[in-house]
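Overview (structure and organization)
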Amino acid sequence: MLRGRPALASVFLCFVCLPILTLRPVLKPCSQDSTTQVKSLIDALELKALDCKLYTPTIKDFENCPISTLRCFASEVTVLIEELNTVTELQIRLNLDKILISLAMRFNQSESQCLQCERHKEEKVERFLTKLHTTLEQMNSKHC
């Protein structure tokens, strides 16, 4: 059994230093780059050539279920980029889907009452991107 100063040092380490060392910095769900990439997709002329619909969550979905909403947007962005690459001769390389997944992991919320992506309304590409852009801007205004 420790006595005196060694005991005091052990207590100090256990109750003061260890909790401080185990704290990780909390990353805010914020990404200005994501809005820039969405804006570049909105401005792309090739979108007019696309005749597809994507599952589109709403702002209300994001407010209630940010993780599943961002994951849904990410999977649909992957589909959109694949569609763009097949319709155009350009090979569009964006990391927007990875950014959205990373942002989703920064939220700590229960997702038990959330809709699966396929349950959201299907909308045209332009509307999908507009809602994604609006959602990201709202998120950035709260967390950046």
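Residues numbered from 1 in each chain as written. Predicted model: local features only at pLDDT ≥ 70, side-chain atom pairs only at ≥ 80, totals over all residues. Heavy atoms only, no water.

1. Focus: the environment of E137
For E137, the position within the fold is in helix 6 (residues 125-143). Taking the relative accessible area as the measure of exposure, E137 reaches 43% and is therefore partly exposed. Counting along the chain gives 102 residues from E137 to T35, while the straight-line C-alpha distance between them is 6.8 Å. (Helix = DSSP H or I, 4+ residues; strand = E, 2+ residues; numbered from the N terminus. Buried < 20%, exposed > 50% of the residue type's maximum accessible area, 1.4 Å probe, protein only.)

2. What about the packing of helix 2 (residues 32-42) against helix 6?
Where helix 2 contacts helix 6, the two axes come as close as 9 Å, and the packing angle between them is 160 degrees. By the angle class used here, helix 2 and helix 6 are roughly antiparallel. The handedness of the crossing between helix 2 and helix 6 comes out as left-handed. Contacts between helix 2 and helix 6 involve Q32, S34, T35, V38, K39, L41 and I42 from the former and L129, T130, L132, H133, L136, E137 and N140 from the latter. (Axes fitted to C-alpha atoms, helices over the stretch in contact; angles between N-to-C directions. Parallel < 35°, antiparallel > 145°, perpendicular 65-115°, else oblique. Left-handed = near helix turned anticlockwise from the far one by under 90°. Contact = heavy atoms within 4.5 Å.)

3. Digging into the side chain of D61
Along the chain, D61 turns up in helix 3 (residues 59-64). Ignoring anything within four residues of it in the chain, the contact list for D61 reads P66, T69 and H120.

4. Overview of the state of the cysteines
Inspection of every chain in the model, using the stated rule, returns two disulfides. What pairs with C65 in a disulfide is C114, and their sulfur atoms sit 2.0 Å apart. Residues C65 and C114 are joined through a disulfide that is left-handed, its torsion about the S-S bond being -95 degrees. One end of the pair, C65, is in the loop between helix 3 and helix 4 (66-87); the other, C114, is in the loop between helix 5 (96-104) and strand 2 (122-124), and 49 residues separate them in sequence. (Disulfide = S-S within 2.5 Å.)

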